[in-house]
Amino acid sequence: MNRLLAWCRVFVATWVVILAGLFFTLTASYNVRQLLEINFSKEFEWVAESRVRALQQELHRLFEGLRIYGPLIQIASSGGDVHYQTIRNGLDAHFPYLHRLYLLSFVSGSASLIQVPTVSDAPDSRLDAKSGNWLKHPDFGELFLKAARTGREVAGERIVLAEQKREHGFPVVIPIGQMSHVIDTGTDASGTVTGFVLAIVDIDKLVSSSLGLLEPRGIDVVIHDDSARAQEGNLEVYTSRLSSRRNVSSSLSASDAVVRQEHPFLQRVRVVEVADRSWKVFCIAIQEFRSAEAFRGGHWIVLIGGIVFTMLLATYVHRGKLTFLYRERMEREHLRNVHLASIGLISMSVAHEINNPNHAILMNASHLLDVWQDVIPVLDEYSRENGDFSLGKHSYRTWHAHPEKMIRRIVQNCERIRQIVVNLKSMGRCDQGNLNGLVEIPPLIDACQQILHDRIQRFTDHFQVSLENALPPVRGNAQLLEQVLLNLIVNALESLPDRSRKVIVAAVRDVESGQLRLDVIDEGSGILSEDLERIRDPFFTRKAQHGGTGLGLSISESIIRNHQGRMVIHSRHGVGTRVSVFLPFLVNLP
């Protein structure tokens, strides 16, 4: 049990390191990812704001330029083509996205529309100077009236510049002059202006001119006019120069879907005031968005590095724990070997001291047996002639055969003592003894029963022997196997709480293992679960106060291993114990 707990502690420590490492790794990776996402979002907002500011600045520059060039155009209208050429050069240099530019000037109470030469000199059929009342013009009349009423610049809805090229723009009307002419606007309000500048702006060129100078970062820009009618609201789709769709012509009809779809990346919306209208500018990050963050995949590095570090640390802890367990086991083995070596030295000394008196007893007992055998005929003749007589407080006729048996038993036990001495010397010399003899199990059990007769009578009334018929012999040392069986039976007897409990010694052929199985079963107090793993260890005993040394099972298991066998112990505390010894038996005898 302790060994199992030790192994559990090893694996628990390893799994604690793994789980803690994975937790901190995932937490760190998540935090790094969140920080990167926050920085990415902030960076995108900054880039998007730079696009919006660039567009706002370009629109502001356009309106400021038209306010400045308006009076100059009005003055140049009376100066001939030379003045127009100067203005054209200035307009082309500063505003290359001006598609058309017109001057509506009031001369002697009447209005005339003059086209100012720009990049495109072709006349526009929608603005014919002889087309009638310009205030009722279908495309720009409302713009002129609104500019006249408010006295401020006015922007219009999207118009088509070139149908074949799908070019679009928007008109801008800027009033010029101060109170030189009264315009009938058809309302109670009236405005006083000297003229108007009508500019038609190519929105594609305007956006490209304002955003083209910025570093490409992978942001598409969609411009939507919220003040326009629904079908005319989409003004421009500017595709980033990094986009893979750059060479695919995008139509304004598709821009509304682009704005309304759930974009997989970031999207920001800003409102830009253009004269009297409100434009929404959508900045959308595309797949190719180029971030300045050099550690974009940092969370993956943290995750992989953390997992690798966790595995290395877990391996180190696991190996360290195993090394500790192996070292502890080696220390126990070393301590056991030291104890066994000490026992070996002591046993050799004790064996030498025991052997001398035992030899004397054996020699005298043998001589006494010879003497008794010579005396028996004399005593028998005396009994026939003189009748029965007392011999050692017993009737000679009823007890005359017992002295010889007693003397023979003394001789047998002296031989046993001599063999024990030989075994002790062999253990001290690390000698296994002769293991090649043929050992019959039934006589072995019978001998053990005779030796322990008095002890059996003292501990139980139910000692049973169960033997299978025709048991084959085993190869080994009968004295050593007898020592094992004696130790197991003594342990079984001493575990009984009262005489009503029984001990069973059985020997059968085990079909599963193909070996001879010798069982010693008792109905004693059993073994505690925490002691089962330690009970085979040298010097482990719960009977130290009763003279137990803790060497019985350890030596017994060593003897069984030397006989190529094994010992299995099953026990339940309070129920009993079953010790099974498995030994290979001989099948074909010579």
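The rules we used
- Residues numbered from 1 in each chain as written.
- Predicted model: local features only at pLDDT ≥ 70, side-chain atom pairs only at ≥ 80, totals over all residues.
- Heavy atoms only, no water.
- Helix = DSSP H or I, 4+ residues; strand = E, 2+ residues; numbered from the N terminus.
- Buried < 20%, exposed > 50% of the residue type's maximum accessible area, 1.4 Å probe, protein only.
- Contact = heavy atoms within 4.5 Å.
- Areas by Shrake-Rupley, 256 points an atom, 1.4 Å probe, with all protein chains shown as cover.
- Polar contact = N/O pair within 3.5 Å; in protein donor to acceptor, adjacent residues only side chain to side chain.
- Patch = residues over 30% accessible without salt bridge, like charges linked within 9 Å, V, L, I, M, F, W, Y side chains within 5 Å.
- Salt bridge = Lys/Arg side-chain N within 4 Å of Asp/Glu carboxyl O.
- Phe/Tyr/Trp six-rings, centres within 6.5 Å; stacked < 30°, edge-to-face > 60°.
- Lys NZ or Arg CZ within 6 Å of the ring centre and 35° of its normal.
- Pairing = 2+ DSSP bridges.
- Axes fitted to C-alpha atoms, helices over the stretch in contact; angles between N-to-C directions.
- pLDDT = per-residue confidence, 0-100.
- Left-handed = near helix turned anticlockwise from the far one by under 90°.
- Nonpolar A, V, L, I, M, F, W, Y, C, P; charged D, E, K, R; others polar.

Draft legend 1. Local environment of the overall build of the chain. Of the regular secondary structure elements, the chain holds 12 helices and 21 strands. In the chain, which comprises 590 residues, the proportion classed as buried is 40%. Within the chain, counting contacts between residues at least 6 apart in sequence, those at least 24 apart form 68% of the total. For the chain, the exposed surface amounts to about 33600 Å²; the carbon and sulfur share of it is 56%.

Draft legend 2. Inspection of the side chain of Glu 58 at higher detail. Relative to the elements of secondary structure, Glu 58 occurs in helix 1 (residues 2-76). Its relative accessible area of 10% is what places Glu 58 among the buried residues. Within the local environment of Glu 58, its side chain forms a polar contact with the side chain of Arg 61, the two groups lying 2.7 Å apart. The contact partners of Glu 58, leaving out residues within four places of it in the chain, are Tyr 97, Leu 206, Ser 209 and Ser 210.

Draft legend 3. Looking closely at a nonpolar patch on the surface. Residues Trp 300, Ile 304, Val 308 and Leu 312 make up a contiguous nonpolar surface patch of about 440 Å² in total accessible area. Within the fold, Leu 312 resides in helix 6 (residues 298-386). According to the relative accessible area criterion, Leu 312 is exposed, its value standing at 57%.

Draft legend 4. Structural view of unusual backbone geometry. Even without being a glycine, Ala 275 presents a positive backbone phi close to 55°. Tracing the chain through its elements places Ala 275 in the loop between strand 11 (267-274) and strand 12 (277-285). The exposure class of Ala 275 is partly exposed, given its relative accessible area of 28%. The phi angle at Gln 564 is positive, at roughly 60°, despite the residue not being glycine. Within the element layout of this structure, Gln 564 appears in the loop between helix 12 (552-562) and strand 20 (566-572). Its relative accessible area of 63% is what places Gln 564 among the exposed residues.

Draft legend 5. Spatial organisation of the packing of aromatic side chains. By the definition in use, this model includes 5 aromatic pairs. Aromatic side chains Tyr 382 and Phe 389 sit 5.3 Å apart centroid to centroid with 75° between the ring planes, which places their arrangement in the edge-to-face category. For Tyr 382, a relative accessible area of 43% gives the class partly exposed. The ring of Phe 585 is capped by Arg 509, whose NZ or CZ atom sits 5.4 Å from the centre of that ring. The ring centre of Phe 582 lies 4.1 Å from the NZ or CZ of Arg 566, which sits over that ring.

Draft legend 6. Representation of the pairing of strand 12 in the model. With respect to burial, strand 12 is a largely interior element, 7 of its 9 residues being buried. Relative to strand 12, strand 9 (residues 219-225) is paired through 7 bridges, and the arrangement is antiparallel. Residue Asp 225 lies in a different strand from strand 12, and its bridge partner there is Trp 279. Connecting strand 11 to the antiparallel partner strand 12 that follows it, the hairpin turn spans 2 residues, and Ala 275 within it adopts a positive phi of roughly 55°.

Draft legend 7. Local environment of the sheet that holds strand 21 (residues 576-583). Taken together, 5 strands build an open sheet; the order of strands is 16-18-19-21-20 and the sheet is mixed. The open sheet has two edge strands, strand 16 (462-467) and strand 20, and neither has a second partner. Each adjacent strand pair in this sheet contributes to an overall mean axis angle of 15°, direction not counted. Across 6 bridges, the pairing between strand 16 and strand 18 (residues 502-510) is parallel. Its bridge partner lying in strand 18, Leu 467 is registered against Ala 507. Strands strand 16, strand 18, strand 19 (515-522) and strand 21 of the sheet are contacted by helix 11 (residues 478-494), whose axis makes an angle of about 25° with strand 19. Contacts between helix 12 and the sheet are confined to strand 20 and strand 21, with strand 20 contributing the most and set at about 140° to the helix.

Draft legend 8. Inspection of the confidence of the model for the chain at higher detail. When pLDDT is averaged across the chain, the result is 76; 74% of the residues are at 70 or more. With pLDDT under 50 throughout, residues 128-132 is counted as low confidence; its partners more than four residues away or in other chains account for 1 contact. Scored below 50 in pLDDT, residues 247-264 makes 23 contacts in the model with residues more than four places away or belonging to other chains.

Draft legend 9. Examining the packing of helix 11 against helix 12 more closely. The interhelical angle for the contact between helix 11 and helix 12, taken along N-to-C directions, is 145°, at an axis separation of 9 Å. Of the two elements, helix 11 crosses helix 12, and the hand of that crossing is left-handed. In this structure, helix 11 contributes Leu 480, Leu 481, Gln 483, Val 484, Asn 487, Leu 488 and Asn 491 to the contact, and helix 12 contributes Gly 552, Leu 553, Ile 555, Ser 556, Ile 559 and Ile 560. Along the lines of polarity and charge, the residues of the contact of helix 11 with helix 12 split into 8 nonpolar, 5 polar and no charged.

Draft legend 10. View of the pairing of strand 20. Burial along strand 20 is one-sided: the residues Met 567, Ile 569 and Ser 571 are buried and none of Arg 566, Val 568, His 570 and Arg 572 is. When strand 20 meets strand 21, the two strands line up antiparallel, connected through 7 bridges. In the sheet register, Ile 569 faces strand 21, and the bridge partner there is Val 579. Between the end of strand 20 and the start of strand 21, which pair antiparallel, lie 3 residues, with Gly 574 showing a positive phi angle near 85°.

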